Amino acid sequence: MQAARLHEYTDDMSEALSIDDVDRPEIDRSDGVLVEVEGAGWCQTDNHIIEGMWEEYAPQDLPMTLGHENAGIVAETGDEVTLVEEGDPVICHPVQTCGICRPCRLGEDMYCENSAFNGLTTDGGFAEYLRTNERAVIPLPDGVDPTEIAPHADAGITAYHAVKKAVDELNPGDTSVVIGVGGLGHIGIQCLDAMSAADIVAVDIKDEALELADELGARHTVNSAEEDLADVVADLTDDAGAQQVVDFVGRDETTALAPEIVAAGGDHHIVGYGGHIHEPSQALVNGEFAFRGTLVGKYAELQELVSLVDRGAVELHTERHDLDEINTVAERLEHNEIEGRAVVLPP
């Protein structure tokens, strides 16, 4: 089969991955599931993996097939699999977990001590077939297109995971700021709108992104290239600040906004990454606010997100590309030229 594989780390996205002929993966465990890939989302994390940013945090044995946002049709199952059968449409949580370690027993499957992460620590779905396990697949409701929903396997669940934490701290009439209305941010706005009665303030530097935010449920939009966000938030909240900020950019200039825009006792959720946090400890003590990280999300949260998709509360804005266009996709995302999410189709 054909697969898009990373052979060495590079900053040059134009030749990042090569299309190789490799063996079709085989079921090697009784709980194994082989999925014929219908669609695989391209993510900013794929760019970061190509650049080697994850080498320090996750073991990677190159060459490796990338692709961690995957959905498709079950092609084969192990002997003990009962959740799905051949022919079922599924979305694949990117993490294959063991179910028996302490974090798994506590329901914190993202912290599994024996996990495999498709496209990060083991072969992913930029290929014709993906090998995963029963604990990672979620059957799709009738009428849900695997190709369209694929990016929810990471982009969607990550946005949902951050928003779910924020919603726990939001009361009706509170203010929540969403920074970045891109591939994740446009999902986050919809989740916030569906799950809370907070006033949503969407922030971006592109007017077309803000127009989309307005359509998706934002009550206020701010072009931060033209307006001072801190002043706008102060005006909207009578100087109290936003109770929750969900930062889908995660650069130095967005994390630096926290002391100015987060309300006392509030949170600044870091979803996008690549920047740093450079705040005096006194700023956190004075405002008693917190920075909170976001690492994908739980299997159960992906089930919940699929339910929101099924009822029409969350829609993805996607564009489709053939597998042989994969480096073009990487380049375009690097230059912020993709609106919504890109989905790669197998040959």
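Residues numbered from 1 in each chain as written. Predicted model: local features only at pLDDT ≥ 70, side-chain atom pairs only at ≥ 80, totals over all residues. Heavy atoms only, no water.

An unreviewed UniProt entry lists the protein under the name NAD(P)-dependent alcohol dehydrogenase, from Halosolutus amylolyticus. Taken verbatim from the UniProt record of the protein, the Sequence similarities (unreviewed entry) comment is "Belongs to the zinc-containing alcohol dehydrogenase family." (UniProt positions renumbered as here; feature names shortened; annotations may be inferred.)

(A) Spotlight on the environment of Ala 136. Inspection of the secondary structure assignment puts Ala 136 in the loop between strand E9 (129-133) and strand E10 (137-139). What makes Ala 136 buried here is its relative accessible area of 0%. For the pair formed by Ala 136 and Tyr 299, sequence separation is 163 residues and the distance between their alpha carbons is 7.2 Å. When near neighbours in sequence (up to four residues on either side) are disregarded, Ala 136 contacts Ile 91, Cys 92, His 93, Val 95, Gln 96 and Tyr 299. (Helix = DSSP H or I, 4+ residues; strand = E, 2+ residues; numbered from the N terminus. Buried < 20%, exposed > 50% of the residue type's maximum accessible area, 1.4 Å probe, protein only. Contact = heavy atoms within 4.5 Å.)

(B) Expanded view of the nonpolar core. Membership of the largest hydrophobic core comes to 80 residues, with the highest contact counts inside it found for Leu 17, Trp 42, Ile 91 and Phe 126. In terms of residues, this core owes the most to one element, helix H4 (residues 155-167), which gives eight residues. The residues touching Ile 91, leaving out its near neighbours within four places in the chain, are Asn 70, Ala 71, Ala 136, Val 137, Ile 138, Leu 140, Ile 149, Ala 150, His 152, Ala 153, Leu 302 and Val 306. Core analysis: the next-biggest nonpolar cluster, separate from the first, contains 18 residues, Val 177, Val 233, Ile 261 and Phe 289 among them. (Core = buried A, V, L, I, M, F, W, Y, C linked by side-chain atoms within 4.5 Å.)

(C) Summary view of the pattern of salt bridges. Scanning the model with the defined rule gives 14 salt bridges in all. For Arg 5, the salt bridge goes to Asp 20, with nearest N and O atoms at 4.0 Å. Of the two residues, Arg 5 is situated in strand E1 (residues 2-6) and Asp 20 in strand E2 (residues 18-21); the sequence distance between them amounts to 15 residues. Per residue, the accessibility class of Arg 5 equals that of Asp 20, and both read buried. (Salt bridge = Lys/Arg side-chain N within 4 Å of Asp/Glu carboxyl O.)

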